[in-house]
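Residue-level structure breakdown
The residues making up each chain are set out below.
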Amino acid sequence: MMLRRLAQFLPALVIPTLVSAHGYVQQVTIDGTVYKGNNLNVATPAASIIRLVSTNSPVKGADNPFLNCGQDAQFASLSGNANPGSQLEILWVGGTDGSSNWPHNTGPLMHYMTKCDGSCSTYNSTNSEWFKISELGLEADGTTWYQANLNSRAPANVTIPSTLAPGNYLLRSEIISLQLAMTAGGAEFYPACIQLQIGGSQTQGPTSSEECLFPGCYTDDEAGILTPNIYNPPIQYTFPGPPVASFVDAGSSSTAPSSTGPASGSSTGTASTFVNGPSSTIIASSTPSPTATGQCMLSGRSTSENVVKRDSRNKRTHKRRLVRAH
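Position numbers for residues start from 1 in each chain and track the written sequence from start to end. It should be noted that, the model being predicted, local features are given only for residues of pLDDT at least 70 and side-chain atom pairs only at 80 or more, the latter also being counted only at that level, while totals for whole chains, interfaces and linings use all residues. Only hydrogens and water are set aside; all other atoms, that is, all heavy atoms of the structure, feed into the side-chain values.

Some points on the state of the cysteines
- Disulfides are defined as cysteine sulfur pairs within 2.5 Å. In the structure shown here, the tally under the stated rule is 3 disulfides.
- Paired through a disulfide, Cys69 and Cys193 show a sulfur-sulfur distance of 1.9 Å. Given an S-S torsion of about -85°, the disulfide between Cys69 and Cys193 has left-handed geometry. Taken together, the residues Cys69 in the loop between β3 (59-60) and β4 (80-82) and Cys193 in strand β11 (residues 188-198) connect sequence positions 124 residues apart. Comparing Cys69 with Cys193, the two get one shared label, buried. Under the DSSP-based scheme used, a helix requires at least four consecutive residues in state H or I and a strand at least two consecutive residues in state E, with every element numbered from the N terminus. Throughout this description, buried means an accessible area under 20% of the type-specific maximum (1.4 Å probe, protein chains only), exposed means over 50%, and partly exposed covers the range between.

As structure tokens, then:
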């Protein structure tokens, strides 16, 4: 009788747990200016710089087209103002309404960028070529992942490269959760795209060999995605995808998540400005805020999109072009 009653209650206990065991990006802070995102399943999303996804569930499979910006990611109507050297704090939360903390603690945090062809608000990134600007894996103890800091509502921190040429860019924040990655196809991908307008007068960018497509950057059986020994210390982890682009200042874009408490609307030394909705005034500080301590030492669609095909002969061997019918 006891077992029968327990079985009756299990669905009610398990389903909420599964729903809250995933997450999404709820907020982005740029040099102290806070840009709010939308909770999931809202009837009328507010204007934002964060492309809204349809679910908090992970993208599964390295060849999944939603690996680009997340499941059913929609264009955002705003772009956040930033400059070379700007400090970004990206708040990952659990559940669907932002009331839960990020639930996972095993796997890397990585950030990529790609330049929009025109306005990011109408830019289809399906065929975009992305370059990596940061990667965070294990902390100095060799067993704790920087991702675990997000469990206490700390943000994922990333710095815009100090020599990046101006323009409209997408920033792709990605968490790869590896708790089921002992077998091929088990890795859980959480990508999120943030629309930015980069100012300044710098001139640098990636080389062709440092870029890749999403999907196309990863395979399900490569090191860093398939991790059969992830729970067998000492952990030897290899970041998947291309290396951090060579023009990125050494270490300037790989700052660890702050573990001192929940993400707030401010960074040390800068005023906090909240931005949400089309009537808000967007103010971006021209003075970067200090970086966090504990740096990692591991090393919809547009019908008018014009895609410039580059010579693929110099691409890394892991890069794959996908041909789709539009």
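The discussion continues.
Some thoughts on the environment of Cys120
- Counting through the fold element by element, Cys120 comes out in the loop between β7 (109-115) and β8 (130-136).
- Placed 47 residues apart in sequence, Cys120 and Gly167 show a C-alpha to C-alpha distance of 10.0 Å.
- Residues count as neighbours in contact if any of their non-hydrogen atoms are within 4.5 Å of one another. Once you skip the residues sitting within four places of it in the chain, Cys120 turns out to touch Arg51, Ser79, Asn168, Tyr169, Leu170, Gln195 and Leu196.

Brief notes about the packing of aromatic side chains
- For Phe, Tyr and Trp, rings pair up if their centres lie within 6.5 Å, where Trp contributes its six-membered ring, and each pair is then called stacked (planes under 30 degrees apart), edge-to-face (over 60) or tilted (otherwise). Applying the stated rule across the entire model yields 9 aromatic pairs.
- A centroid spacing of 5.9 Å and a plane angle of 15° characterise the contact between Phe189 and Tyr218, whose relative ring orientation is stacked. Remark: Tyr218 occurs in the loop between β12 (211-212) and β13 (273-275) and Phe189 occurs in strand β11; sequence separation between them is 29 residues. Here the two residues Phe189 and Tyr218 agree in accessibility, since each one is buried.
- Ring centres of Phe214 and Tyr218 lie 5.4 Å apart, and the angle between their planes is 75°; on these two criteria the pair is classed as edge-to-face.
- For Phe214, a relative accessible area of 1% corresponds to the buried category.
- Among the aromatic residues, those joined into a ring-pair cluster are Tyr112, Trp130, Phe189, Phe214 and Tyr218.
- Only when the NZ of Lys or the CZ of Arg is both within 6 Å of the ring centre and within 35 degrees of the ring normal is a charge said to sit over the ring. The cationic tip of Arg172 hangs over the ring face of Phe214; the distance from NZ or CZ to the ring centre is 3.5 Å.

Quick notes on the side chain of Gln26
- With respect to the helices, strands and loops of the structure, Gln26 is situated in strand β1 (residues 23-30).
- Discounting chain neighbours no more than four positions away, the residues touching Gln26 are Lys36, Gly37, Asn39, Ile50, Leu91, Val93, Asp97, Gly98 and Arg153.

A word on the pattern of salt bridges
- Salt bridges, as used here, are contacts in which a Lys or Arg side-chain nitrogen is within 4 Å of a carboxyl oxygen on Asp or Glu. The final tally for this structure, using the stated rule, is 2 salt bridges.
- For the salt bridge of Lys132 with Glu135, the shortest nitrogen-to-oxygen distance reads 2.8 Å.
- For the salt bridge of Glu174 with Arg172, the shortest nitrogen-to-oxygen distance reads 3.0 Å.
- You can call Glu174 buried: its relative accessible area is 0%.
- Relative accessible area serves as the criterion here: at 0%, Arg172 is assigned to the buried category.

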